[in-house]
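An overview of the molecular structure
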Amino acid sequence: EAGVTQFPSHSVIEKGQTVTLRCDPISGHDNLYWYRRVMGKEIKFLLHFVKESKQDESGMPNNRFLAERTGGTYSTLKVQPAELEDSGVYFCASSSTGGGTDTQYFGPGTRLTVL
Amino acid sequence: EDQVTQSPEALRLQEGESSSLNCSYTVSGLRGLFWYRQDPGKGPEFLFTLYSAGEEKEKERLKATLTKKESFLHITAPKPEDSATYLCAVQAGGSYIPTFGRGTSLIVHP
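First, a word on what this report is: a plain description of the structure on this page. (Residues numbered from 1 in each chain as written. Chains lettered and ligands numbered in written order. Predicted model: local features only at pLDDT ≥ 70, side-chain atom pairs only at ≥ 80, totals over all residues. Heavy atoms only, no water.)

**Some points on the overall build of chain B**
- Each helix and strand in chain B was counted, giving 0 helices and 11 strands.
- Expected size for 110 residues packed as a compact globule is a radius of gyration near 13 Å; at 13 Å, chain B falls within 12% of this value.
- Counting only C-alpha atoms and orienting by the principal axes, one finds that chain B spans roughly 45 × 30 × 20 Å.
- The burial tally for chain B puts 45% of its 110 residues in the buried class.
- Residue pairs at least 24 apart in sequence account for 55% of intrachain contacts in chain B once pairs closer than 6 positions are excluded.
- Accessible surface, chain B as shown: approximately 5400 Å² in total, 47% of it carbon and sulfur. (Helix = DSSP H or I, 4+ residues; strand = E, 2+ residues; numbered from the N terminus. Rg over C-alpha atoms; globule rule 2.2 N^0.38 Å. Buried < 20%, exposed > 50% of the residue type's maximum accessible area, 1.4 Å probe, protein only. Contact = heavy atoms within 4.5 Å. Areas by Shrake-Rupley, 256 points an atom, 1.4 Å probe, with all protein chains shown as cover.)

Quick look at the structure:
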């Protein structure tokens, strides 16, 4: 079974530019999450999709971040315009729908550097 | 607010030297506590989920335990390939959103 994949693995952009990150969850997983880890800090939640619907976007930093999950499959996270403080590693995770605790499986991350 | 504190921040061991990593947590109603392993340049890899105090789980040289305030990840006779950052995360109440600790960076010398 293929795991969670993310593209690109690295992105270096100038302040003010736009970047789009992509996540392909494990096949059949309805739940998709985006996280970010800023250097020296812990991994922080950004938002949660259930299929194509945003279940919780309380962690999104501001309106420069836009996440979509068309058709309930892959997801994109767009940052426009990028600022220096957006640098970090962006992780995507997915899980299957079910009762009880939700075990999330993470992708390898996209390292974003904003210059 | 839920909090997770991991200690130590970094740990160096000799091969075969057993030790424990700590994860202290403050949460309103624990739903589950997770341990992940993260290698450089990769995403967190799931290891264990613990649900209630007194629960223990094992996998190879790793054993995770849980009390009402903390969890330990015991590493028995570690090998260099156990070198990684170990992350702890908790889910609370009715939320599926985990709160992560900053991790413990483990280096095992041959």
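**What about the sheet that holds strand S8 (residues 70–75) of chain B?**
Residues and elements named next belong to chain B.
- The antiparallel open sheet is built from 5 strands, whose spatial order is S1-S3-S8-S7-S6. Looking at the sheet topology across the chains shown, the edges are occupied by strand S1 (3–7) and strand S6 (56–59). Averaged over all adjacent pairs, the angle separating strand axes in this sheet is 15 degrees, with direction ignored.
- Pairing of strand S7 (residues 62–66) with S8 involves 5 bridges; the strand directions are antiparallel. Bridge pairing in S8 places Thr65 opposite Phe72. (Pairing = 2+ DSSP bridges. Axes fitted to C-alpha atoms, helices over the stretch in contact; angles between N-to-C directions.)

**As for the state of the cysteines**
Residues and elements named next belong to chain B.
- Per the counting criterion, the structure on display carries 2 disulfides over all chains.
- Put simply, Cys23 and Cys88 are joined by a disulfide, and their sulfur atoms are 2.0 Å apart. With the S-S dihedral at roughly -60 degrees, the linkage between Cys23 and Cys88 falls on the left-handed side. Of this pair, Cys23 sits in strand S3 (residues 19–26) while Cys88 sits in strand S9 (residues 84–92), and the two are 65 residues apart along the sequence. Summarising the burial analysis for this pair, Cys23 and Cys88 share the class buried. (Disulfide = S-S within 2.5 Å.)

**Focus: the packing of aromatic side chains**
- Overall, the coordinates contain 12 aromatic pairs over all chains when judged by the stated rule.
- Relative to Tyr35 of chain A, the ring of Tyr33 of chain A has its centre 6.2 Å away and its plane inclined at 25 degrees; by these criteria the two rings are stacked. Take Tyr33 of chain A and Tyr35 of chain A: they sit in the same class, and that class is buried.
- Measuring from centroid to centroid gives 6.0 Å for Tyr36 of chain B and Phe100 of chain B, while their planes differ by 40 degrees, and the two rings are tilted. (Phe/Tyr/Trp six-rings, centres within 6.5 Å; stacked < 30°, edge-to-face > 60°.)

**Structural notes on the nonpolar core**
- One finds Leu33, Trp35, Leu73 and Tyr86 of chain B to be the most contacted residues of the largest nonpolar core, which totals 24 residues.
- Counting residues per element, the ones that place at least two in this core are strand S2 (10–14), S3, strand S4 (30–38), strand S5 (45–50), S7, S8, S9 and strand S11 (104–109) of chain B.
- It is S9 of chain B that contributes the most residues to this core, 5 residues altogether.
- One finds Val4, Val79, Tyr90 and Cys92 of chain A within the second-largest nonpolar core, a separate group that totals 21 residues. (Core = buried A, V, L, I, M, F, W, Y, C linked by side-chain atoms within 4.5 Å.)

**Quick notes on the side chain of Arg64 of chain A**
Residue and element names in this part refer to chain A.
- Position of Arg64 among the secondary structure elements: in the loop between strand S6 (53–56) and strand S7 (65–68).
- Using a relative accessible area of 13% as the deciding quantity, one classes Arg64 as buried.
- Not counting residues within four places of it along the chain, the set of residues in contact with Arg64 comprises Lys78, Val79, Gln80, Pro81, Ala82, Glu83, Glu85 and Asp86.

**Digging into the environment of Gly32 of chain B**
- Along the chain, Gly32 of chain B turns up in strand S4.
- Between the alpha carbons of Gly32 of chain B and Tyr86 of chain B there is a distance of 17 Å; along the sequence they are 54 residues apart.

**Brief notes about the interface of chain B and chain A**
- Each side of the interface is counted separately: chain B has 20 residues, and chain A has 21 residues.
- Carbon and sulfur atoms supply 56% of the area that chain B and chain A bury against each other, a total of about 1700 Å² over both sides.
- Between the two partners, chain B and chain A, sit 1 salt bridge.
- Among the ionic pairs, Glu42 of chain A bridges to Arg102 of chain B, the shortest N-O distance being 3.2 Å.
- Here chain B is connected to chain A by 4 residue pairs in polar contact (both at pLDDT 80 or more). (Buried area = accessible area lost by both parts, 1.4 Å probe. Salt bridge = Lys/Arg side-chain N within 4 Å of Asp/Glu carboxyl O. Polar contact = N/O pair within 3.5 Å; in protein donor to acceptor, adjacent residues only side chain to side chain.)

From the geometry alone we can't say anything about function, so treat these as descriptive.
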